[in-house]
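Analysis of the macromolecular model
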Amino acid sequence: MAGFRESKPADEAVPEHAEEPRRRGLDELSGKGGSEEEFPELADELKGIGDIADLLREVGRERRRFGEDLMRLFEVRWQKEG
């Protein structure tokens, strides 16, 4: 069974497209810039995957907020009873 290799950025450099993670991912897959013109289907797929990731991230935040609110509610109730 093959193990996974971890890749680390050289000199702890920040990727040049850090503010555009979807674009950076597409460029890394194709190995060159301007790849959306060359691979429009791949670009659309990656954008869709990115949108799904954003939705899941937001749902996770909402779930944590709900859980925190619920715990606060129970803490107040337990303090009143105890």
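These remarks concern the structure in this document. Starting from 1, residues in each chain are numbered consecutively following that chain's sequence as written. Two thresholds apply to this predicted model, a pLDDT of at least 70 for residue-level local features and 80 or more for giving and counting side-chain atom pairs, whereas whole-chain, interface and lining totals are computed over all residues. Derived side-chain values reflect all non-hydrogen atoms in the structure, with water molecules and hydrogen atoms excluded from consideration.

1. Notes on the pattern of salt bridges
Stated formally: Only one rule defines a salt bridge in this text: a Lys or Arg side-chain nitrogen within 4 Å of an Asp or Glu carboxyl oxygen. The helix and strand labels rest on DSSP assignments: H or I over at least four residues marks a helix, E over at least two residues marks a strand, and numbering proceeds from the N terminus. Remark: exposure states derive from per-residue accessible area (1.4 Å probe, protein chains only) relative to the maximum for the residue type, with buried under 20%, exposed over 50%, and partly exposed in between.
Evaluation of the coordinates by the stated rule reveals six salt bridges. Residue Arg57 is joined to Asp54 by a salt bridge in which the shortest nitrogen-to-oxygen separation is 2.8 Å. Taken together, the residues Arg57 and Asp54, both in helix H3 (residues 40-81) and three residues apart, mark about one turn of the helix. What makes Arg57 partly exposed here is its relative accessible area of 42%. For Asp54, a relative accessible area of 34% translates into the label partly exposed. In this structure, Arg61 engages Glu58 in a salt bridge whose closest nitrogen and oxygen atoms are separated by 3.3 Å. In this pair, Arg61 and Glu58 both sit in helix H3, three residues apart, roughly one turn of the helix. With relative accessibility at 35%, the residue Arg61 sits in the partly exposed group. Here Glu58 falls in the partly exposed class, since its relative accessible area comes to 33%.

2. A short note on a nonpolar patch on the surface
Rules: Each patch is built from salt-bridge-free residues with over 30% relative accessible area, joining like charges within 9 Å and nonpolar side chains (Val, Leu, Ile, Met, Phe, Trp, Tyr) within 5 Å. Using the Shrake-Rupley algorithm and a 1.4 Å probe, accessible areas are obtained, with residue cover drawn only from the displayed protein chains.
A contiguous nonpolar patch, built from Phe66, Leu70, Leu73, Phe74 and Trp78 and spanning about 540 Å² of accessible area, is present on the exposed surface. Assignment of secondary structure puts Trp78 in helix H3. Residue classification places Trp78 among the exposed positions, given a relative accessible area of 53%.

3. Side note on the packing of aromatic side chains
Our working definition: Here the aromatic set is Phe, Tyr and Trp, taking the six-membered ring for Trp, and pairing holds for ring centres within 6.5 Å; pairs whose planes are under 30 degrees apart are stacked, those over 60 apart are edge-to-face, and all others are tilted.
Inspection of the entire model under this criterion finds one aromatic pair. With a centroid separation of 5.8 Å and an interplanar angle of 20°, the aromatic rings of Phe74 and Trp78 are classed as stacked. Remark: Trp78 and Phe74 occur in helix H3; sequence separation between them is four residues, near one turn of the helix.

Keep in mind these numbers describe shape, not what the thing actually does.
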